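If you want the building blocks of each chain, they are given just below.
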Amino acid sequence: MMDYDFVNDEKEPSRIFFNLRYIFQRLKEPLSRPERKLRALGLKRGFKVLDVWSGTGVYTIPAAKLVGDKGFVYSMDVDPYAVEVLEKRCEKLGLKNVEIIFSDLETGLEKNSIDAILLHKPKDTEKLIKELKRVSKQGCVLSVMCKQNEEELKRFLHKHNFAFIDKVDGMLKFVYK
């Protein structure tokens with residue numbers, strides 16, 4: 001039986017909607033095979049990873065397990081319900097290598113500190129790319145998981161020094177030059 005970490009059982013409509021969306025997400029999580037995708041992207045023990053708009057941690061949690069206790073995952077989201085659920089999930093799993101950043105654009109991380117970035121549904125791209133470039137080490141892997149125009153995204157990221165490498169398990173893989 002799958003364990004669900006509901007935000008709480010208030011009858012507030014936005015919480016009810018979030019909880020229904022979360023149940024659906026947790027049911028389809030095994031089908032998305034996040035750990036397999038992260039391995040294919042090249043995540044390794046000791047990596048520092050930034051998971052942008054991470055939600056409830058579908059990729060954050062497997063990334064934290066892959067990078068191990070020598071690595072670290074920064075999970076960034078602006079949805080208070082998602083952040084609350086992710087905090088509960090990390091606590092329940094005893095993950096000490098995850099820090100949640102409650103933000104949509106500013107990470108507050110050190111310059112040139114990140115080995116890999118997981119980007120879900122890019123938005124406010126001009127502002128965001130400036131921050132991602134700032135925190136990326138040279139050679140940082142950027143994985144983009146979205147359904148927007150791939151060619152347009154490739155051109156945009158190339159203009160910002162992210163070279164397209166490959167499409168890996170449905171994700172676009174770039175490397176920061």
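Here the structure is a predicted model, which is why all the values come from computation and not from measurement. (Residues numbered from 1 in each chain as written. Predicted model: local features only at pLDDT ≥ 70, side-chain atom pairs only at ≥ 80, totals over all residues. Heavy atoms only, no water.)

Draft legend 1. Spatial organisation of the packing of helix H2 (residues 34–41) against helix H3 (residues 60–67). Running from amino to carboxyl end, H2 crosses H3 at an angle of 50°, the nearest separation of the two axes being 9 Å. Put simply, H2 runs oblique to H3. Crossing of H2 against H3: the hand is right-handed. In contact with Pro34, Glu35, Leu38 and Arg39 of H2, H3 contributes Pro62, Ala63 and Leu66. A breakdown of the residues in the contact of H2 with H3 according to their chemical character gives 5 nonpolar, no polar and 2 charged. (Axes fitted to C-alpha atoms, helices over the stretch in contact; angles between N-to-C directions. Helix = DSSP H or I, 4+ residues; strand = E, 2+ residues; numbered from the N terminus. Parallel < 35°, antiparallel > 145°, perpendicular 65-115°, else oblique. Left-handed = near helix turned anticlockwise from the far one by under 90°. Contact = heavy atoms within 4.5 Å. Nonpolar A, V, L, I, M, F, W, Y, C, P; charged D, E, K, R; others polar.)

Draft legend 2. The sheet that holds strand E4 (residues 114–120), seen in detail. Taken in spatial order, the 7 strands make up an open sheet running E3-E2-E1-E4-E5-E7-E6, and their pairing is mixed. In the strand order of this sheet, the two ends are held by strand E3 (98–102) and strand E6 (162–168), each with one partner. When strand polarity is set aside, the average angle formed by the axes of neighbouring strands in this sheet is 20°. Relative to strand E7 (residues 171–176), E6 is paired through 6 bridges, and the arrangement is antiparallel. Counted as the bridge partner of aspartate 166 is lysine 173 from E7. Running over the sheet, helix H5 (residues 125–135) touches strand E1 (48–52), strand E2 (72–77), E4, strand E5 (136–145), E6 and E7 and is turned about 140° from E5. (Pairing = 2+ DSSP bridges.)

Draft legend 3. Region of interest: empty space enclosed by the protein. Counted under the stated rule, the structure contains 1 cavity of 30 Å³ or more. Elements supplying a minimum of two residues to the lining of the largest cavity: H5 and helix H6 (150–159). Top contributing element to the lining of the largest cavity by residue count: H5, with 4 residues. Residue composition of the lining of the largest cavity, by class: 7 nonpolar, 1 polar and no charged. (1 Å grid on protein atoms, 1.4 Å probe; cavity = no way out; pocket = protein on both sides within 12 Å on 5 of 7 lines; lining within 4 Å. Points joined across faces, edges and corners; volume = space filled by probe spheres on them.)

Draft legend 4. Broad picture of the packing of aromatic side chains. Going through the model one piece at a time under the given rule, you end up with 3 aromatic pairs. Taking the centre distance of 4.9 Å and the plane angle of 50° together, the rings of phenylalanine 72 and tyrosine 74 count as tilted. Residue classification places tyrosine 74 among the buried positions, given a relative accessible area of 12%. With centroids separated by 4.9 Å and ring planes inclined at 45°, the aromatic side chains of phenylalanine 162 and tyrosine 176 adopt a geometry described as tilted. Taken as a pair, phenylalanine 162 in strand E6 and tyrosine 176 in strand E7 lie far apart in primary sequence, 14 residues in all. The pair phenylalanine 162 / tyrosine 176 is uniform in exposure class, with both members buried. Above the face of the phenylalanine 164 ring, lysine 154 is positioned so that its terminal group lies 4.1 Å from the ring centre. (Phe/Tyr/Trp six-rings, centres within 6.5 Å; stacked < 30°, edge-to-face > 60°. Buried < 20%, exposed > 50% of the residue type's maximum accessible area, 1.4 Å probe, protein only. Lys NZ or Arg CZ within 6 Å of the ring centre and 35° of its normal.)

Draft legend 5. The arrangement of the pattern of salt bridges in detail. On inspection of all chains with the given rule, the structure shows 9 salt bridges. Arginine 39 is the partner of glutamate 35 in a salt bridge, and the nearest nitrogen-oxygen pair spans 2.9 Å. On the criterion of helical spacing, the pair formed by glutamate 35 and arginine 39 is a turn pair, its members being 4 residues apart in helix H2. Residue classification places glutamate 35 among the partly exposed residues on the basis of a relative accessible area of 36%. One network of salt bridges, with partners in common, ties together Arg33, Arg36 and Asp169. (Salt bridge = Lys/Arg side-chain N within 4 Å of Asp/Glu carboxyl O.)

That's the geometry; what it means functionally is another story.
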